[in-house]
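Geometric and topological summary
Below, each chain spelled out in residue letters.
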Amino acid sequence: MLRFLTAGESHGPELIAIVEGVPAGFEVDLARINHHLARRQKGYGRGGRMLIEKDEVRPVSGIRFGRTMGSPVTFIIVNRDFKNWEKRMSADPADAGEAKVITRPRPGHADLAGVLKYNLGDIRDVLERASARETTARVAVGALAMELLRPFGIDVLGYVVRIGSTEAKLRTGLEIDELRRVTEKSQVRVADPAAERAIIAEIDECKKSGDTLGGIVEVVATGLPVGLGSHVQWDRKLDGRLAHALLSLQAAKGVEFGAGFKVGQIRGSALHDEIGYDAAARRFTRESNNSGGTEGGMSTGEPLTVRVAFKPLSTLMQPLKSVDTRTKAEAVGTIERSDVCAIPAAAVIAEAVVAFELAGAFLEKFGGDSLVEITRNWQGYLEQVRNY
Ligand code: EPS
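Every chain begins its residue count from 1, and numbering advances along the sequence as written. Owing to the predicted nature of the model, reporting of local features is limited to residues with pLDDT of at least 70; listing and counting of side-chain atom pairs is limited to 80 or more, with chain, interface and lining totals taken over all residues. Only hydrogens and water are removed before side-chain values are computed, so all heavy atoms of the structure are retained for them.

So, on to the pattern of salt bridges. For this analysis, a salt bridge means a side-chain nitrogen from Lys or Arg found within 4 Å of a carboxyl oxygen belonging to Asp or Glu. In the structure shown here, the tally under the stated rule is 32 salt bridges. A salt bridge links Asp29 to Arg32; the shortest N-O distance between them is 3.8 Å. Given a relative accessible area of 26%, Asp29 falls into the partly exposed group. Burial classes: relative accessible area under 20% of the type maximum marks a residue as buried, over 50% as exposed, and values in between as partly exposed (1.4 Å probe, protein chains only).

Set out below in structure tokens:
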């Protein structure tokens, strides 16, 4: 079973991820992993923090001479900003007087529920871990998962389809490589230059007025074999697992596959993806992909398409009404340095999360402890499906 934990506070010394269940013999290119971390740092609308950080993994276990050994893989990522927070984030009780206690919770943030649940006096004890800084570790884990999917020709890409009031045209029909090339060049990860201009203007407007913007990202995965996940038990359904993982992302509020929420308004005759057979390729085909690549909780073999809606960031420079938790007097939410819009980064993060869940489902299907063993199982299954 592939699983991971992350640890670390936003302004603490380091972020850590431990990934367990990684089979042996897979090539891991740290430059590729760091490339994904750099992608996550980009995007129009970020605040000052991204000028301080330069995220890179330091591998401390599980990889030797560029290959996995079968043991847990641990990555450490340094928070460069920690040098500005050493006293305020110190583990030493002698430094307790250095911190300014935060008592004005931001509507929309983990602040209020967190201090009540954990019985904490200082909101910082909650916000440090609730922060989306944690997604750096998740991108490192997802990038490792991509290394596990790579030998099997599975490719995963995230991009932006909406920010605020602007919807980006999708340019359907683009191959994933071309979509990658186009969205990678965009400052907001869209494949639509007109939408990009409108989005940048809206971000600028929000920055001026102290507001924030949410949006929707889409992740597509190609090269999946039919049959990842299973219909037989609720917690083995691939779409269910993906939705769980994606909704665990900071600020994520909705997930949809394929035609998504529109399925409720389209007739069955128009919605379901009719089945054909390509005798030369010995494979079943589909005339559409409204399912988003899953039926019955299993991959269909068509591209997986999933979208995630993220709410606008809850740190507002024009703060909303709140209450001081100590005095119970009316107040406004705390102002912290933050971003106006982090949706371009969210596309990279959602992509990583999807990659991890797919790698987990792939390893469950084709099980084994080494690349050689898994490859044999995978090839045998593909042949079985072709001969069906
Ligand atoms: C975040 C607030 C900002 C963001 C941060 C997430 O950080 P800071 O308070 O240090 O300015 O930059 O995101 C990251 C640090 C990151 O690496 O993405 C928040 O409150 O969630």
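Another aspect to go through is the sheet that holds strand E7 (residues 73–78). Across a sheet, paired strands are connected by hydrogen bonds in the backbone, their directions being either parallel or antiparallel. Each pair of strands is called paired provided DSSP finds at least two bridges between the two strands. Here a helix means four or more residues in a row that DSSP labels H or I, a strand means two or more in a row labelled E, and each is numbered from the N terminus. Pairing within the open sheet is antiparallel, and its four strands lie in the order E1-E2-E7-E4. A strand with exactly one partner marks an edge of an open sheet, and here the two such strands are strand E1 (3–7) and strand E4 (57–61). Between one strand axis and the next, the sheet turns by 20° as a mean value, whatever way the strands run. Here E4 pairs with E7 via four bridges, running antiparallel. Residue pairing in the sheet places Arg58 in a bridge with Ile76 of E7. In this analysis, two residues are considered to be in contact whenever any of their non-hydrogen atoms come within 4.5 Å of each other. Throughout, an axis means a line fitted to C-alpha atoms (over the contacting stretch in the case of helices), and angles, computed between N-to-C directions, take values from 0 to 180 degrees. With respect to the sheet, helix H1 (residues 30–41) is in contact with E4 and E7, its orientation differing from that of E4 by roughly 135°.

What follows is about the site of the ligand. The nearness test applies per residue and asks whether one of its heavy atoms lies within 4 Å of the molecule or strand. Inspection of the region around the ligand gives His11, Arg40, Arg46, Arg49, Met50, Ser131, Ala132, Arg133, Thr136, Arg337 and Asp339 as its neighbouring residues. Contact between the ligand and Arg46: an oxygen atom at 2.7 Å from a side-chain N or O atom of the residue. Residues adjacent in sequence count toward polar contacts only when both atoms are side-chain atoms; beyond that, a polar contact is any pair of N or O atoms within 3.5 Å, and within protein one must be able to donate a hydrogen and the other to accept it. Side-chain polar atom of Arg133 to an oxygen atom of the ligand: 2.8 Å apart, as the coordinates give it. Within the complex, the protein chains bury 91% of what would otherwise be the 470 Å² of accessible surface of the ligand. Exposure was quantified through the Shrake-Rupley algorithm and a 1.4 Å probe, taking into account, for residues, occlusion by the shown protein chains and nothing else.

What follows covers the pairing of strand E13 (residues 283–286). Side-chain positions along a regular strand alternate between the two faces of the sheet. The sheet contact formed by strand E12 (residues 275–278) and E13 spans four bridges and is antiparallel. Along E13, the bridge assignment pairs Asp278 with Arg283. What sits between E12 and E13 in their antiparallel hairpin is a turn of four residues, with Arg282 showing a positive phi close to 50°.

Moving on: helix H11 (residues 371–386). Because each turn of an α-helix spans 3.6 residues, side chains separated by three or four positions end up pointing in the same direction. A helix's residues, less one, multiplied by 1.5 Å, set its expected span. Taking 1.5 Å per residue, 16 residues should reach 22 Å; H11 reaches 22 Å between its end C-alpha atoms and fits that length. Of all the positions in H11, only Ile374, Trp378 and Tyr381 are classed as buried. Axial view of H11: buried residues confined to an arc of 65°, hence all on one face. For H11, the exposed residues set more than 90 degrees away from the buried face come down to Val372, Arg376 and Gln384. Tucked inside the fold, the buried residues of H11 contact strand E3 (24–27) and helix H10 (343–366). Within this analysis, the arc is defined by the directions that extend from the helix axis to the C-beta atoms.

Looking now at the side chain of Thr68. On the secondary structure map, Thr68 appears in strand E6 (residues 67–69). On the accessibility criterion, Thr68 (5% relative accessible area) is buried. For Thr68, the contacting residues outside a window of four places in its chain are Val22, Pro23, Ala24, Gly25, Phe26, Val28 and Gly62.

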